Amino acid sequence: MDKFNTLTGIAAPMPMINIDTDMIIPKQFLKTIKRSGLGVNLFDEMRYDDDGREIPDFVLNKDAYRDAEILVAGDNFGCGSSREHAPWAIKDFGIRCVIAPSFADIFYNNCFKNGILPIALPQEQVDVLMKDAEKGANARITVDLETQTVTTSDGETMTFEVDPFKKHCLMEGLDDIGLTMEKAPAIDAFEATAAQTRPWV
Amino acid sequence: MSPKTLYDKIWDAHVAHEAEDGTCLLYIDRHLVHEVTSPQAFEGLRMTGRKVRAPEKTIAVPDHNVPTTAGREDPSNMTEDSAIQVAALDKNAKDFGIHYYPVSDIRQGIVHIVGPEQGWTLPGMTVVCGDSHTATHGAFGALAHGIGTSEVEHVLATQTLIQKKSKNMKVEVTGKLRPGVTAKDITLSVIGATGTAGGTGYVIEYCGEAIRDLSMEGRMTVCNMAIEGGARAGLIAPDEKTFEYCMGRPHAPKGAQWEAAMEWWKTLYSDDDAEWDKVITLKGEDIAPVVTWGTSPEDVLPITANVPAAEDFEGGKVGAAQRSLEYMGLTPGTPLAEVEIDTVFIGSCTNGRIEDLRAAAAILKGKKKKEGLRAMVVPGSGLVRAQAEEEGLADIFIEAGFEWRLAGCSMCLAMNPDQLAPGERCAATSNRNFEGRQGRGGRTHLMSPAMAAAAALTGRLTDVRKLS
Ligand code: SF4
């Protein structure tokens, strides 16, 4: 998995609440058996018209935001379906960090498994970042996972919370299946006990 | 011993390892798998040379993108990309030696219907699936999480999930429901009250007289939509109804093992003095038959209400409501009961069980759907379908002008050919009314099976209590 340490980049503003995973990647793109190549279809139904032409008003179609690496959005980002195609599409587009007042639980977890940092900040701070993002390509936001800070283009710094284990895995790019397999003796022991206490399982 | 909630009890019984910071490896008793969220996970196993740790606890069934029309055993009757995903699941199930119900098997159906039906889902278990509606299995007092594909791979390889404990939330629905009000109205009303993020970070336990009074089917409907309220899982403590439902199912324990299981299952309830991080109480008699008007499951109103205006809301919801109203093509102030529909979809893991079909058929019996309207019933499994045929429900649907389909997810998410055209409006018994969910530009109103059947008769959103 890709490591995440610091990132300074263009932030795309999406001031909508409840952006669900159906919007992030509509189901017609779930028929892939690969993880890659979904970036062109990120936000497909908002991004393209029925004939597949770009809708100029959509934020990621504006020249200033084509290279956005950060997304700033409203409350409850990533709600709905558990599809990991959502973070795959975000990552494939080139976005490495999503900032919002809150995230749906499964999406939030899925991000960490894919080298994406989701940052939850209070609404007032997200409002500041949203304004900053609206300035376009000249306003670059800096995210530092080590110090757990976000810095606006004006130099205003905000700190965020992140689970220490998730932070560690993301910073080191660790494969958590490998980490869990190192604990195989604990799992073996659990299974041996469960075979006695709950044999019907 | 300190008092515990049901969630605490199941959690404690499944912690295989706990790190100093509280990160746990939670042992998984049942892993359900479907064709859409699993191919990359199996590919990951192949690339790293890993095996499925507990194939006997892993169950796969194709459901999301299979056609629900006759002849689907033949892959040439599927779109090419669907056929590839189904073929991949066929192969993965075989190569890794997991239980499998192919489309040709009468037991095939929506994964969350097949699990309980076959007795894979039992009280006190941990159940996961790469699908957010895994919450359904909570109706048995099983801790059931939806997970992403990376986690699917993690569970396949290790039979555990890396988890931190959620908070406890109690949703109590007191008293009796009024006539015409169903489990779907309860679960939608709870989301209407809490919002789609109200449950984020919590595991919900539903309790109270109105919940206890529900059948197992109704309880599954309630828990199914816990995720729509943002919760990781929903739970209902097992009781005699639960045990009766499980008894004799193909994979339920038998004999002495059944007795041993029962002994434990009977301890699975929240202690009286257990502590809750959040409590919500609804009165059963206050719940009306509801429908959704917008594009979020929290956009719930009684069928007797009018379409709201964006100004009725606050904060970020003003813009969201504006966008929803535009997308849904609705004018504020219009009575919901005047909104005309083009399509009726009865099915999904929320409402595709036998009781749901009975409820819809009771409304349709001897009547015909409104002319010009498209109406479809998609039973949740091949066995539900067979039972409905035996009970004569299929005939009622067919005579009423409904299409009688084979089992699958179908128009719940429209990954198969069953889709809405842009602007088409659907009365649906499924669980999500998101933009484009049932087809690009399609407009979805969520409701109970009885309400959907009523809508089929009149061609508009309809108060089932007013049908004579
Ligand atoms: S019926 Fe709908 S919600 Fe349920 S598993 Fe299938 S697609 Fe998901």
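All values reported here derive from a predicted model rather than from experimental measurement.

Engineer: Please explain the overall build of chain A as it appears in this structure.
Structural biologist: Secondary structure assignment for chain A yields eight helices and seven strands. With the principal axes as the frame, chain A shows a C-alpha extent of 60 × 40 × 25 Å. Burial analysis of chain A (201 residues in total) assigns 58% to the buried set. With the model as given, the accessible surface of chain A reaches about 8000 Å², and the carbon-plus-sulfur share is 49%. Of the charged side chains in chain A, 20 are positive and 33 negative, and the gap between their average positions amounts to 4 Å.

Engineer: Which parts of the structure should I look at to understand the sheet that holds strand S1 (residues 15-18) of chain B?
Structural biologist: Sheet strands pair via backbone hydrogen bonds, and the direction of the pair is either parallel or antiparallel. Residue and element names in this part refer to chain B. The strand order across the open sheet formed by three strands is S1-S2-S8, and the pairing between neighbours is antiparallel. The sheet is open, and its two borders are formed by S1 and strand S8 (160-163), each paired with just one other strand. If you compare each strand with its neighbour and ignore which way they point, the axes differ by 25 degrees on average. Pairing geometry for S1 and strand S2 (residues 24-27), over three bridges, is antiparallel. By the bridge assignment, Val15 is partnered in S2 with Leu26.

Engineer: Would you mind going over the site of the ligand with me for this structure?
Structural biologist: Neighbouring the ligand are the residues His64, Ile110, His112, Asp131, His133, Ser348, Cys349, Cys409, Cys412, Leu413, Asn431 and Arg437 of chain B. When its residues are assigned to classes, the shell around the ligand shows five nonpolar, five polar and two charged.

Engineer: It is not clear to me how unusual backbone geometry should be interpreted in this structure. Could you clarify?
Structural biologist: Trans is the common state for peptide bonds, and a negative phi is the common state for residues other than glycine. Residues and elements named next belong to chain B. A positive phi angle, near 55 degrees, is found at Ser410, a position not held by glycine. Position of Ser410 relative to the elements: it lies in the loop between strand S17 (403-404) and strand S18 (425-428). With a phi angle near 55 degrees, Ala414 is a residue other than glycine that sits in the positive phi range. Secondary-structure assignment places Ala414 in the loop between S17 and S18.

Engineer: I would appreciate a short explanation of the nonpolar core in the present structure.
Structural biologist: One broad trend across soluble globular proteins is that nonpolar side chains are buried collectively. Ranked by size, the top nonpolar core spans 111 residues in total, and within it Phe43 and Phe77 of chain A together with Val344, Phe397 and Phe402 of chain B carry the most contacts. Top contributing element to this core by residue count: helix H16 (residues 449-458) of chain B, with eight residues. With sequence-adjacent residues up to four places away left out, Val344 of chain B is seen in contact with Leu373, Arg374, Ala375, Met376, Phe402, Cys426, Ala427, Ala452, Ala455 and Ala456 of chain B. The next biggest cluster of nonpolar side chains, apart from the first, holds 61 residues, and it includes Ala231, Ile236, Ala237 and Trp258 of chain B.

Reading guide: rules and limits
- Residues numbered from 1 in each chain as written.
- Chains lettered and ligands numbered in written order.
- Predicted model: local features only at pLDDT ≥ 70, side-chain atom pairs only at ≥ 80, totals over all residues.
- Heavy atoms only, no water.
- Helix = DSSP H or I, 4+ residues; strand = E, 2+ residues; numbered from the N terminus.
- Buried < 20%, exposed > 50% of the residue type's maximum accessible area, 1.4 Å probe, protein only.
- Areas by Shrake-Rupley, 256 points an atom, 1.4 Å probe, with all protein chains shown as cover.
- Lys, Arg positive; Asp, Glu negative; His and termini not counted.
- Charge placed at Lys NZ, Arg CZ, Asp CG, Glu CD.
- Pairing = 2+ DSSP bridges.
- Axes fitted to C-alpha atoms, helices over the stretch in contact; angles between N-to-C directions.
- Near = heavy atom within 4 Å.
- Nonpolar A, V, L, I, M, F, W, Y, C, P; charged D, E, K, R; others polar.
- Core = buried A, V, L, I, M, F, W, Y, C linked by side-chain atoms within 4.5 Å.
- Contact = heavy atoms within 4.5 Å.

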